[in-house]
Amino acid sequence: MTELAATDPLPKPKRDIAPILLPIALALLMIPLIGSPSTWLTLTAASLAMGMMIFIMASGLTLVFGLMDVLNFGHGAFIAVGAYVATLVFAPFVASVQADSLWVNLAVLAPAALLSMAVSGALGLVVERVLILPVYGQHLKQILMTTGGLIVAEQTLYALWGPQIIPMPLPTSLRGSFIFGDVAIAKYRVLATLIGLAVFIAIQLVLNRTKLGLLIRAGVENREMVEALGYRIRRLFLGVFMTGSALAGLGGVMWALYREQVHASMSDELTVLIFVVVIIGGLGSIGGCFIGAILVAMVANYGGFLVPKLALVSNILLMVAILMWRPRGLYAVTSR
Amino acid sequence: MMILSGDPPRSRVLTLVLLVIILALAATPFLFPGAKALNVAAKICVFAALVASYDLLLGYTGTVSFAHTMFYGIGSYAIAIALYGMGPNWGAVATGIVVGLPLAALLALAIGLFSLRVAAIFFAMITLAVASAFQVLASQLSWLTGGEDGRSFQLPELLRPGTVLISKSVFGFEINGRILTFYLVFAISALMILVLLRVVNSPFGRVLQAIRENRFRAEALGFRTVFHLTYANCLAALVAAGAGILNALWLRYAGPDTSLSFSIMLDILLMVVIGGMGTIYGAIIGAAIFILAQNYLQSLMGVASKAASEAGLPLLPGLLHPDRWLLWLGLLFIASVYFFPTGVVGRLRHGGGDKSAGASH
């Protein structure tokens, strides 16, 4: 260890790249197991798209926990609400959805996604004020309150839309696949991957390149210290919570299009999935959440192809394996 | 006092309410004729034990588990599969018990060692993930569990409704196998609740409460908190599996909807919170209130919904529809966590506006 002079740049923190290599290694390992390279490419593209969608839904949850130590069991409700709101926009514009023009389709898709985000974000505001504020700092009550919130939201959706599954057709221009030789990659998956990457890059830029992001990261690491420096971390938290809810809404729209259907119970199944992702990634870590989402999607896709029966418990096995390796998730950000 | 492990209800009203509930349950076959009343009473017994076991976790250690229905389901399925596969004899009942209880305890041990070691905060999330995987597994392995249809089975001769033990001419009513089954359920549930009362009032139970109040301090005092929490988790799982066995015996059926579904987990949470966390007695009151409401209020909602739709009100018919019963439950749940964190028992013991008792962290 040499002494640092005052003018020397601060030593760079050591980069922890093992978790980044993990999904790459997993993907490469699967080539011989799957055999056909074209199948492998299709499956890998599918995993990426699915992973991105899960990441969009889970990113808010992990930040909310990291920043404010709030465990939101009702996060899945925002996903379902987002999807239902999108059906409202889709219904009157069926013609535009079915039109065979990318721009006409996007002219419906983009407002639908934006409206879903706005509604989910607004709902996030209400939930934060009504459900989370009174039990702030009490984990047990947070879990109970937000679980109650999830039930109420889900049942309200049932009451308003009825219990049936609502079809949500993909816009015509997003149907079908890009064909490269004997590799087929669904168009929608490409779009989903692009949106997911854009969200990831945007979050990373905000977190790492702006003052706001600096405060959020500082808050994740040490809340009291940021407060002591005079920042109103509660307001910051409200902002993060609303953004997270809005992203969950966006994820809900994308997931609904991916499955081409909307049902209130999607909040239940996705809650489990995003919990697994958030735990794998390490609570509070965006990078970990991103890798965790891809890993979960890879295990689901490869596992579903190789050993379909295993797919039922593959998430749990993956979680167990990761936690054995790193007991606090891939990246342990918080000191909690 | 001995039988209550030195932990009496500590409130005159509460004692009275408990006595009324227990006497009413015990006398149901004679006081309230009809299959529905008996079903409701048996369900209250089973759930009182199940909720009490959950209270051991939630109320006494302050850990939220979403896997409690899994253990309940293991008990149910173990007895159902055994009786289905081996035929209606006592050997099958014994096999179900011998397989089901240790299986539940082992799984609880594995989950406890794994997730309580990692970080306590993960526990709720990991149990939720494991429970949902188990639910999918149970519905997929249809050769074993009967899939979504579940397994119906016959009870041993002695417990069947057709078996008349004491004919009508002796007491004025018939004592048949069904009533015997009811008393079996009643007695074993009561026994399990008394055992739990014993556990929470033992030195072990005091350590659990210390962990709930301040885990670091409990650890600093020299208690191995992971060991205590895991042990409590296993005990709760055992009782839950026991309740599952009783449930399956009573229904003569085990399926995903009656023993594994997430909504049962929510019911349990609600009953604990309504009755009062960290009291054990709360389980009896919570289960009684909840199941009575579930069985008799739902029809009331149907009437209200019909009235609202006839009056031409918008939205209300949908909101009041009997299927939307969970909506009101959820609102009630939030309200009771917020306004009555100590539940009915806490209220009765300390009057209004107290701050002691109950788990707040």
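Criteria and cut-off values
- Residues numbered from 1 in each chain as written.
- Chains lettered and ligands numbered in written order.
- Predicted model: local features only at pLDDT ≥ 70, side-chain atom pairs only at ≥ 80, totals over all residues.
- Helix = DSSP H or I, 4+ residues; strand = E, 2+ residues; numbered from the N terminus.
- Rg over C-alpha atoms; globule rule 2.2 N^0.38 Å.
- Buried ≥ 20, exposed ≤ 12 C-beta atoms within 10 Å, placed from the backbone.
- Contact = placed C-beta atoms within 7 Å.
- Axes fitted to C-alpha atoms, helices over the stretch in contact; angles between N-to-C directions.
- Parallel < 35°, antiparallel > 145°, perpendicular 65-115°, else oblique.
- Left-handed = near helix turned anticlockwise from the far one by under 90°.
- Nonpolar A, V, L, I, M, F, W, Y, C, P; charged D, E, K, R; others polar.
- Expected span 1.5 Å × (residues − 1).
- Core = buried A, V, L, I, M, F, W, Y, C linked by C-beta atoms within 7 Å.
- pLDDT = per-residue confidence, 0-100.
- Arc of directions from axis to C-beta.
- Pairing = 2+ DSSP bridges.

Peer 1: Please give an account of the overall build of chain B that cites residues and values.
Peer 2: Helix and strand counts for chain B stand at 17 helices and four strands. For 361 residues, the compact-globule estimate of 2.2 N^0.38 gives 21 Å, and chain B sits close to it at 21 Å. When its C-alpha atoms are laid out on the principal axes, chain B stretches across 65 × 55 × 45 Å. Expressed as a percentage of the 361 residues in chain B, the buried residues total 49%.

Peer 1: Any chance you could break down the overall build of chain A for me, citing the residues and the numbers?
Peer 2: For chain A, the count of helices and strands is 13 helices and four strands. Taken against the 2.2 N^0.38 rule, which gives 20 Å for 336 residues, the C-alpha radius of gyration of chain A at 21 Å falls within 12% of a compact globule. In terms of its C-alpha atoms, chain A occupies a principal-axis envelope of roughly 65 × 50 × 40 Å. Scored against the burial criterion, the 336 residues of chain A give a buried share of 50%. Intrachain contacts of chain A at a sequence separation of at least 6 include 77% that bridge at least 24 residues.

Peer 1: Before we move on, can you summarise the packing of helix 1 (residues 12–31) of chain B against helix 2 (residues 35–58) of chain B with the specific residues and values?
Peer 2: All names here are of chain B. Relative to each other, helix 1 and helix 2 sit at 155 degrees, their axes nearing to 9 Å. Taken together, helix 1 and helix 2 sit at an angle that is classed as roughly antiparallel. Where helix 1 crosses over helix 2, the two elements pack in a sense that is left-handed. Judged by residue contacts, Leu25, Thr28 and Pro29 of helix 1 engage Ala37, Leu38, Ala41, Ile44 and Cys45 from helix 2. A breakdown of the residues in the contact of helix 1 with helix 2 according to their chemical character gives seven nonpolar, one polar and no charged.

Peer 1: Run through helix 11 (residues 225–251) of chain B, naming residues and quoting values.
Peer 2: Every α-helical turn comprises 3.6 residues, leaving residues that sit three or four positions apart pointing alike. With 27 residues, helix 11 of chain B extends 38 Å between its outermost C-alpha atoms, agreeing within 8% with the 39 Å of an ideal straight helix rising 1.5 Å per residue. Burial analysis of helix 11 of chain B places 23 of its 27 residues in the buried class, the great majority of the element.

Peer 1: Provide a residue-level description of the nonpolar core, including the pertinent values.
Peer 2: Counting 232 residues, the largest nonpolar core has Ile54, Val277 and Val296 of chain A together with Ala48, Val51 and Ala287 of chain B as its most contacted members. When residues of this core are assigned to their parent elements, the largest contribution, 20 residues, is made by helix 2 (residues 37–68) of chain A. Excluding residues that lie within four positions of it along the chain, valine 51 of chain B makes contacts with Ile268, Met271, Val272, Gly275, Ala283, Gly286 and Ala287 of chain B.

Peer 1: Run through the environment of proline 102 of chain B, naming residues and quoting values.
Peer 2: All names here are of chain B. Examined against the element boundaries, proline 102 turns out to sit in helix 4 (residues 90–118). On the neighbour-count criterion, proline 102 (13 C-beta atoms within 10 Å) is partly exposed. Sequence separation between proline 102 and alanine 241 is 139 residues; the distance between their C-alpha atoms is 9.3 Å.

Peer 1: Kindly report on the confidence of the model for chain B, identifying the contributing residues and their values.
Peer 2: Detailed reading of the predicted model is not advised wherever pLDDT is low. Residues and elements named next belong to chain B. Chain-level pLDDT for chain B is 87 on average; 95% of the residues reach the 70-or-more range. Ignoring residues within four places in sequence, the model shows residues 352–361, a span with pLDDT below 50, making 27 contacts including any to other chains. Interface scoring of the predicted complex returns ipTM 0.81; its pTM is 0.86.

Peer 1: Please give an account of helix 13 (residues 314–325) of chain A that cites residues and values.
Peer 2: Residue and element names in this part refer to chain A. An ideal rise of 1.5 Å per residue puts 16 Å on 12 residues; helix 13 measures up with 17 Å between its terminal C-alpha atoms. Here helix 13 has its buried residues at Ser314, Asn315, Leu318, Met319, Ile322 and Leu323. End-on view of helix 13: buried residues confined to an arc of 160 degrees, all on one side of the axis. Those residues of helix 13 that are exposed and aimed more than 90 degrees away from the buried face are Ala321 and Met324.

Peer 1: A description of the interface of chain A and chain B should follow, citing residues and the corresponding values.
Peer 2: If you look at the interface, chain A gives 34 residues, while chain B gives 37 residues. Listed by contribution, the elements that provide at least two residues to the side of chain A that touches chain B are helix 6 (139–161), helix 11 (266–281) and helix 13 of chain A. Looking at which element gives the most residues to the side of chain A that touches chain B, the answer is helix 6 of chain A, with 16 residues. For the side of chain A that touches chain B, the residue count by class is 23 nonpolar, eight polar and three charged.

Peer 1: Just give me the short version of the environment of phenylalanine 204 of chain B, but keep the residues and values in it.
Peer 2: All names here are of chain B. Within the secondary structure, phenylalanine 204 is located in helix 9 (residues 203–213). With 16 C-beta atoms packed within 10 Å, phenylalanine 204 lands in the partly exposed category. For the pair phenylalanine 204 and serine 139, spaced 65 residues apart in sequence, the C-alpha separation works out to 37 Å.

Peer 1: I'd like a rundown of the packing of helix 11 of chain A against helix 5 (residues 122–140) of chain B, residues and numbers included.
Peer 2: Contact geometry of helix 11 of chain A with helix 5 of chain B gives a least axis separation of 9 Å together with a crossing angle of 130 degrees. Relative to helix 5 of chain B, helix 11 of chain A is oriented oblique. In terms of crossing hand, the pair formed by helix 11 of chain A and helix 5 of chain B is left-handed. Taken together, the residues of helix 5 of chain B that come into contact with helix 11 of chain A (itself represented by Val272, Phe275, Val276 and Ile279 of chain A) are Phe122, Met125, Ile126, Leu128, Ala129 and Ser132 of chain B. Of the residues belonging to the contact of helix 11 of chain A with helix 5 of chain B, the class tally is nine nonpolar, one polar and no charged.

Peer 1: How would you explain the pairing of strand 2 (residues 177–180) of chain A if you had to name every residue and give the values?
Peer 2: All names here are of chain A. In this structure, strand 2 lies alongside strand 3 (residues 183–186), joined through four bridges in antiparallel fashion. Residue pairing in the sheet places phenylalanine 178 in a bridge with isoleucine 185 of strand 3. Hairpin connection between strand 2 and strand 3: a loop of two residues separates the two successive antiparallel strands, and glycine 181 in this loop has a positive phi of roughly 60 degrees.

Peer 1: Tell me about unusual backbone geometry, and name the residues and values.
Peer 2: Residue glutamate 260 of chain A is not a glycine yet carries a positive backbone phi of 60 degrees. Mapped onto the secondary structure, glutamate 260 of chain A falls in the loop between helix 10 (233–259) and strand 4 (261–262). On the basis of neighbour counts, which here come to 12 C-beta atoms within 10 Å, the residue glutamate 260 of chain A falls in the exposed class. Within the chain, isoleucine 280 of chain B stands out as a residue other than glycine whose phi angle is a positive 60 degrees. Classification of isoleucine 280 of chain B as buried rests on a count of 30 C-beta atoms within 10 Å.

Peer 1: Residues and numbers for the environment of isoleucine 165 of chain A, please.
Peer 2: Looking at where isoleucine 165 of chain A falls in the secondary structure, it is placed in the loop between helix 6 and strand 1 (166–167). A C-alpha to C-alpha distance of 8.3 Å links isoleucine 165 of chain A and alanine 264 of chain A, two positions 99 residues apart in sequence.

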